[in-house]
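# Structural overview
Each chain, written out:
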Amino acid sequence: MSLRIVVCVKYVPDATGDRHFAEDLTVDRDDVDGLLSELDEYAVEQALQIADEADDAEITVLTVGPEDAKDALRKALSMGADKAVHVEDDDLHGTDVMGTSLVLAKAIEKTGYDLVVCGMASTDGTMGVLPALLAERLGVPQVTLLSEVSVEDGVVKGRRDGDTASEQLEASLPAVVSVTDQSGEARYPSFKGIMAAKKKPVESLDLSDLEIEADEVGLEGAWTAVDAVVERPARTAGTIVKDEGEGGKQLAAFLAERKFI
Amino acid sequence: MAEVLVYVDHVDGAVRKPTLELLTLARRIGEPVAVALGSGAEATAGTLAEHGATRVLTAEAPEFADYLVVPKVDALQAAYEAVSPAAVLVPSSAEGKEIAARLAVRIGSGIVTDAVDLEAGEQGPVATQSVFAASFTTRSRVSKGTPVITVKPNSAPVEAAPAAGAVEALSVSFSAQATGTKVVSRVPRESTGRPELTEAAIVVSGGRGVGGAENFAVVEALADSLGAAVGASRAAVDAGWYPHSSQVGQTGKSVSPQLYIATGISGAIQHRAGMQTSKTIVAINKDAEAPIFDLVDYGVVGDLFEVVPQLTEEIKTRKG
């Protein structure tokens, strides 16, 4: 029986660009070029490896976002995912993580799945809560923050390295998994992969396809409100000295002055 | 006065510092009611009472250790239903955020994560967050349901504020999902004897300029002279010189100590994302053009193998 894997990915503003907020205090997505969140590349990679180990598997890559977010899907398809689902709707502008998890959960259910794979966090919001939210909404086990993952006989196993302990986890499918940047370097798309990706199907869904009302999502429907955004003032120039043999002592004097010693 | 639930992060009854910071913040918006779960839960009560907990709700069951996250969500939900709090505060650890998120879905509330400050506001608690590699500060609040907010370590001072801290047993019935993810085995991390990276008041980090695993001894010696945690840049971790659990940066840990000392770190955006909210920043690097120097309060352009040992010696001398 085919193993149906859905990988959730996010199209994010490039962190090396000068990221800003728009007037309505949502992230300005026109301001900086976007790309597939680096941490989601690890999720695509692990999905590909799990699929390789399975007798028969199909990987669907899923995103919620504006037209440009298709770029993130294309990247994942060029790495080797089989097909893509793009949820796009004007009413989604300003949706927060609660709304996004609702949309993703409905899209995952509609697509059909045995395993959902996510990155550990997005590189823009960096909340790291979406995988847990999906597991809660889908009513399936969460096997999250894995640095190693494998699937065998309908069971997902993995290692979670926490602050205080390293744990071996196990759950029956269907399940939601998230993987860390320690799970294994993501592959680069080959030229062949890039060409093949152009022919792979990308299904578009909107809110009505998912039976979600407009007021459940978007800025108006958000569960949280941003009241103010302030650009952090540039740090005032610090003292910089060249070490002429006393650099360590000079630094110690600075630390003492600031009462760290 | 409204009650505020505070989820307690503890190891066998020893309360971790971020929870004590949460109690300081919780008192700004109401009366803290602590929720301590698992082995040693009751042993937390004394410390929690000293720091302002009016009540301590405790539950012990094997499920908390044997299965991932969900049993704790079930318990926190039971506490929520028993208390009807004005807000729920949880430390921003990886697990804390997952617990908070699932609770928020269940109670129909929004969630704000990684707050670095919290105040009472007219429409409920207002959380300050630091976003986009700390280039912006936002003020956010939960607009639907009971605010669920996770707070980063080092966001508030730990203050003594003796309160009753009456221990009450919390009755928990576990959901069908509680046993979904089994913890098959658990190996405690070997203690380095140094403070935990995300909680430390001082962090000393090493990067590519350290040049090798064995050279980290220089960084560690400086850290030990200051009672600091040791961090590493992604370059140093990818090179295998230091464990990933110590990586500071966008794909590693985010730290916000009183003092951050970067040695041999150039300061790529990915690293800055993880340390830019540090209160005082110091860098030692051979390259005068390194971007890290744009952030520093004090920088030394020089060879870290000259500067750092001299600094360490001077600190030891000054401390006597």
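Residues numbered from 1 in each chain as written. Chains lettered and ligands numbered in written order. Predicted model: local features only at pLDDT ≥ 70, side-chain atom pairs only at ≥ 80, totals over all residues. Heavy atoms only, no water.

An unreviewed UniProt entry lists chain B under the name Electron transfer flavoprotein subunit alpha/FixB family protein, with Streptomyces sannanensis as the source organism. Regarding chain B, the UniProt comment filed under Cofactor (unreviewed entry) reads as follows: "FAD". (UniProt positions renumbered as here; feature names shortened; annotations may be inferred.)

In the nomenclature of an unreviewed UniProt entry, chain A is known as Electron transfer flavoprotein subunit beta of Streptomyces sannanensis. Check the Sequence similarities (unreviewed entry) section of the UniProt entry for chain A; it says "Belongs to the ETF beta-subunit/FixA family." Database annotation for chain A, UniProt heading Subunit (unreviewed entry): "Heterodimer of an alpha and a beta subunit."

What follows covers empty space enclosed by the protein. All names here are of chain A. One pass over the structure, following the stated rule, counts one cavity of 30 Å³ or more. A volume near 30 Å³ is recorded for the largest cavity. Along the walls of the largest cavity sit Tyr11, Val12, Pro13, Arg29, Val32 and Gly34, which together make up its complete lining. With three residues, the single largest contributor to the lining of the largest cavity is strand E2 (residues 11-13). Its residues placed into classes, the lining of the largest cavity shows four nonpolar, one polar and one charged. (1 Å grid on protein atoms, 1.4 Å probe; cavity = no way out; pocket = protein on both sides within 12 Å on 5 of 7 lines; lining within 4 Å. Points joined across faces, edges and corners; volume = space filled by probe spheres on them. Helix = DSSP H or I, 4+ residues; strand = E, 2+ residues; numbered from the N terminus. Nonpolar A, V, L, I, M, F, W, Y, C, P; charged D, E, K, R; others polar.)

Its place among the elements puts Ile111 of chain B in strand E7 (residues 111-115). By relative accessible area, Ile111 of chain B is classed as buried at 4%. Distance from Ile111 of chain B to Leu226 of chain B, taken between C-alpha atoms, is 36 Å for residues 115 residues apart in sequence. Here Ile111 of chain B is in contact with Val97, Met98, Met127 and Thr224 of chain A together with Lys97, Ala100, Ala101, Ala104, Val142 and Val148 of chain B, once residues within four sequence places are set aside. (Buried < 20%, exposed > 50% of the residue type's maximum accessible area, 1.4 Å probe, protein only. Contact = heavy atoms within 4.5 Å.)

This next bit is on the sheet that holds strand E6 (residues 115-119) of chain A. By way of backbone hydrogen bonds, the strands of a sheet pair with one another, either parallel or antiparallel. Strand order in the open sheet formed by ten strands is E11(A)-E5(A)-E4(A)-E1(A)-E6(A)-E10(A)-E7(A)-E8(A)-E9(A)-E13(B), with mixed pairing between adjacent strands. Across the chains shown, the open sheet's two edge strands, defined by having one partner strand only, are strand E11 (202-205) of chain A together with strand E13 (182-188) of chain B. Between one strand and the next, the sheet's axes are offset by a mean angle of 30 degrees, whatever the strand orientation. In this sheet, E6 of chain A lies alongside strand E1 (residues 3-8) of chain A in parallel orientation, the contact comprising three bridges. Counted as the bridge partner of Val6 of chain A is Val116 of chain A from E6 of chain A. Strands E1, strand E4 (57-64), E6, strand E7 (142-152) and strand E10 (175-179) of chain A of the sheet are contacted by helix H1 (residues 38-53) of chain A, whose axis makes an angle of about 170 degrees with E1 of chain A. Where helix H3 (residues 97-111) of chain A meets the sheet, its contacts fall on E1, E4, strand E5 (83-87), E6 and E11 of chain A, and the angle it forms with E4 of chain A comes to roughly 150 degrees. (Pairing = 2+ DSSP bridges. Axes fitted to C-alpha atoms, helices over the stretch in contact; angles between N-to-C directions.)

What follows covers the interface of chain B and chain A. By a widely used convention, the size of an interface equals the accessible area lost when the partners come together. Taken together, the contact between chain B and chain A spans 85 residues of the former and 79 residues of the latter. In total, about 7100 Å² of surface goes out of reach between chain B and chain A, with carbon and sulfur atoms giving 57% of it. Of all residues in chain B, the largest losses of buried area upon contact with chain A belong to Phe132, Phe136 and Tyr298 of chain B, amounting jointly to 11% of the total for that side. If you look at where chain B meets chain A, you find six salt bridges. Where Arg234 of chain B meets Glu38 of chain A, a salt bridge forms, and the shortest distance between an N and an O atom there is 2.8 Å. (Buried area = accessible area lost by both parts, 1.4 Å probe. Salt bridge = Lys/Arg side-chain N within 4 Å of Asp/Glu carboxyl O.)

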